[in-house]
Amino acid sequence: KDDRIFIVNTNSTHMRDAYIEMFTEKKCAAYYDRKTKIQKIKAGNTVCLYHVGVGIIGIGKAITDYQKKDYLSDKDEEYFVPIEFEYLVDINDRKWKRKAVHAWEINCNFTTSHRFRLTVFKLPSEFGDFIKTTLANKGNKKLN
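So, here is what we can say about the structure in this document. As the structure is a computational prediction, the values presented were derived from the model and not from experiment.

Parameters at a glance
Residues numbered from 1 in each chain as written. Predicted model: local features only at pLDDT ≥ 70, side-chain atom pairs only at ≥ 80, totals over all residues. Heavy atoms only, no water. Helix = DSSP H or I, 4+ residues; strand = E, 2+ residues; numbered from the N terminus. Rg over C-alpha atoms; globule rule 2.2 N^0.38 Å. Buried < 20%, exposed > 50% of the residue type's maximum accessible area, 1.4 Å probe, protein only. Contact = heavy atoms within 4.5 Å. Salt bridge = Lys/Arg side-chain N within 4 Å of Asp/Glu carboxyl O. Arc of directions from axis to C-beta. Polar contact = N/O pair within 3.5 Å; in protein donor to acceptor, adjacent residues only side chain to side chain. Core = buried A, V, L, I, M, F, W, Y, C linked by side-chain atoms within 4.5 Å.

### Some points on the overall build of the protein chain
When its secondary structure is counted, the protein chain shows three helices and seven strands. What you see for the protein chain is a C-alpha radius of gyration of 14 Å, in line with the 15 Å of a compact globule of 144 residues. Dimensions of the protein chain, computed from C-alpha atoms along their principal axes, come out at roughly 40 × 40 × 30 Å. Buried residues in the protein chain amount to 49% of all 144 residues. Considering only contacts in the protein chain between residues 6 or more positions apart, those separated by 24 or more positions represent 64%.

Here's what the structure looks like:
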């Protein structure tokens, strides 16, 4: 069984506000030519939302396998997975960016050099505890 963690980019580089919908609808998503990357995520997998220039803003479990929906007027151009978040940074908090787990914190702690800009990639399962602990230490409340 592959228990690695999926890191899903919020795509803010190409779609500035997509992360807001991911936050409010409690999901991870990918769009258009990158959408199929989401298909690897299965119900029960641990998933993190990564916001470029900020860091990991959420961690939780996939509730179902991927689903499809229209994006704007484009049929089935969004693939998404609903997430039951254990921690989710409150993007309505003025200081929310400080409460994220930065890529450099993860790479420094594990002496790795992961590039967090990919649409979807995996990290070893032991990174999950570090991410959760760091989110909690930065004042994020546990949701479930």
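Next comes the rest of the account.
### Considering the pattern of salt bridges
Side-chain pairs of opposite charge can arise where the charged atoms are in close proximity. One pass over the full model with this rule turns up 11 salt bridges. Among the salt bridges present, the one from Lys 27 reaches Glu 25, with a minimum N-O distance of 3.0 Å. By relative accessible area, which is 2% here, Lys 27 ends up buried. With a closest N to O distance of 2.6 Å, Glu 78 and Lys 27 form a salt bridge. Here Glu 78, found in strand β6 (residues 74-88), pairs with Lys 27, found in strand β2 (residues 27-31); they are 51 residues apart in sequence, far enough to count as distant. Overlapping salt bridges, with partners in common, bring together Glu 21, Glu 25, Lys 27, Lys 69 and Glu 78 in one network.

### Here we look at helix α3 (residues 127-137)
Where α3 is concerned, the buried positions are Phe 127, Gly 128, Phe 130, Ile 131, Thr 134 and Leu 135. Each buried residue of α3 sits inside an arc of 165 degrees when the element is viewed along its axis, so together they form one side. Seen from the buried face of α3, the exposed residues on the opposite side, beyond 90 degrees, are Asp 129 and Asn 137. Buried positions along α3 lie against β1 (5-9), β3 (46-51), β4 (55-62), β6, α2 (103-110) and β7 (120-123). One or two residues past the end of α3 sits Gly 139, with phi positive at roughly 90 degrees.

### Remarks on the environment of Glu 84
Take Glu 84: it is sitting in strand β6. Each C-alpha atom, one on Glu 84 and one on Lys 42, is 13 Å from the other, the two residues being 42 residues apart in sequence. When neighbours within four sequence positions are excluded, Glu 84 is seen to be in contact with Gly 60, Lys 61, Ile 63 and Asn 144.

### Observations regarding the side chain of Glu 86
By secondary structure assignment, the location of Glu 86 is in strand β6. Under the relative-accessibility criterion, Glu 86 is labelled buried at 17%. Polar contacts involving the side chain of Glu 86 include one to the side chain of Lys 132, which spans 3.1 Å. Contacts of Glu 86, omitting those with residues within four sequence positions, involve Ile 59, Gly 60, Lys 132, Lys 141, Lys 142, Leu 143 and Asn 144.

### A closer look at the nonpolar core
Counting residues in each nonpolar core, the largest one holds 48 residues, and the members touching the most others are Ile 7, Cys 28, Ile 38, Ile 41, Ile 56, Phe 116 and Ile 131. At seven residues, β6 tops the list of elements feeding residues into this core. When residues no more than four places from it in sequence are discounted, the contact partners of Cys 28 are Val 8, Met 22, Ile 38, Ile 41, Val 47, Leu 49, Tyr 79, Phe 80, Val 81 and Ile 83.

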